[in-house]
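Survey of secondary and tertiary structure
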Amino acid sequence: GHYAHALELHRDKRFPEALQAALATVQADSTFVEGVLQVAQAHFSMRSFEPARARFEKALAMDTSLFSLHYSIGACDLNMGRNEESVASIKKVLRRDKTMKQAYEVLAGAYYNLQLFDSAEVAYNGLLGLDPKNVSALVNRAASRHQSQKLDLAMADYDAALRLDPGNATVLLNRAV
């Protein structure tokens with residue numbers, strides 16, 4: 001049916017077509033929560049965050065057990081510059097599940113955008129506690145620490161990132177500043 005076709009198209013990164021197939025799924029059965037989710041994911045993949053967020057919220061209203069959708073809503077908010085809303089959604093997820101790496105990443109990004117650099121550092125600490133070899137998290141925590149004038153700690157993060165990825169241009173450029 002339309003749903004299986006939508007999944008296949010999404011997997012092939014044919015997002016506009018996946019969206020059309022997912023919309024056909026929802027049109028055939030508006031109570032099919034997986035169809036609503038597929039519409040949301042297609043919108044998100046096309047960087048249409050407002051309609052994606054609306055569909056993620058609709059799916060959550062249809063099935064409140066889909067608690068991780070607060071992450072998806074928070075990610076949409078982050079991408080739309082709604083940092084306070086993003087923090088609120090992500091905190092809901094992390095109260096329930098402290099192992100969702102991508103939730104810490106979104107939370108840290110929102111805090112950084114809000115210039116709450118110490119809070120961003122704490123969020124990156126959470127991510128690095130789950131994934132200590134995450135070079136991107138080390139670089140971003142270093143940037144947060146640098147903004148908070150914790151220069152020795154920032155340098156230690158850059159050095160740790162370089163040990164993991166010696167040729168990383170982003171690390172080399174930021175460390176040189």
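Refer to the structure above for everything that follows.
What this report covers is the structure whose coordinates are included nearby. None of the values given here were measured: they were computed from a predicted structure. (Residues numbered from 1 in each chain as written. Predicted model: local features only at pLDDT ≥ 70, side-chain atom pairs only at ≥ 80, totals over all residues. Heavy atoms only, no water.)

Okay, the nonpolar core next. Of all hydrophobic cores here, the largest spans 30 residues; its most connected members are Leu-107 and Val-171. Broken down by secondary-structure element, the contributors of at least two residues to this core are α6 (83–96), α7 (101–113), α8 (117–130), α9 (135–147) and α10 (151–164). The greatest single-element share of this core, amounting to seven residues, is contributed by α7. Those residues within four positions of Val-171 in sequence are excluded, and the remaining contacts are Val-135, Val-139, Tyr-158, Ala-161 and Leu-162. If you look at the next biggest cluster of nonpolar residues, it comprises 21 residues, including Ala-6, Leu-9, Ala-21 and Ala-52. (Core = buried A, V, L, I, M, F, W, Y, C linked by side-chain atoms within 4.5 Å. Buried < 20%, exposed > 50% of the residue type's maximum accessible area, 1.4 Å probe, protein only. Helix = DSSP H or I, 4+ residues; strand = E, 2+ residues; numbered from the N terminus. Contact = heavy atoms within 4.5 Å.)

For helix α3 (residues 33–45), built from 13 residues, the straight-helix expectation of 18 Å at 1.5 Å per residue is met to within 8% by its first-to-last C-alpha distance of 18 Å. Listing the buried residues of α3 in full gives Val-33, Gly-35, Val-36, Leu-37, Gln-38, Val-39, Ala-40, Ala-42 and His-43. Looking at the buried side of α3, the elements it contacts are α1 (2–11), α2 (15–28), α4 (49–62) and α5 (69–79). Arg-47 sits one or two positions beyond α3 and adopts a positive phi of about 65 degrees. (Expected span 1.5 Å × (residues − 1).)

Examined against the element boundaries, Gly-109 turns out to sit in helix α7. Expressed as a C-alpha distance, the spacing of Gly-109 and Gln-27, which sit 82 residues apart in the sequence, is 36 Å. With residues near it in sequence (within four places) discarded, Gly-109 still touches Leu-78 and Tyr-124.

As for its position among the elements, Ala-54 is in helix α4. Linking Ala-54 and Gly-35, residues 19 residues apart in sequence, is a C-alpha distance of 14 Å.

Remember that the coordinates give geometry; whether it matters functionally is a separate question.
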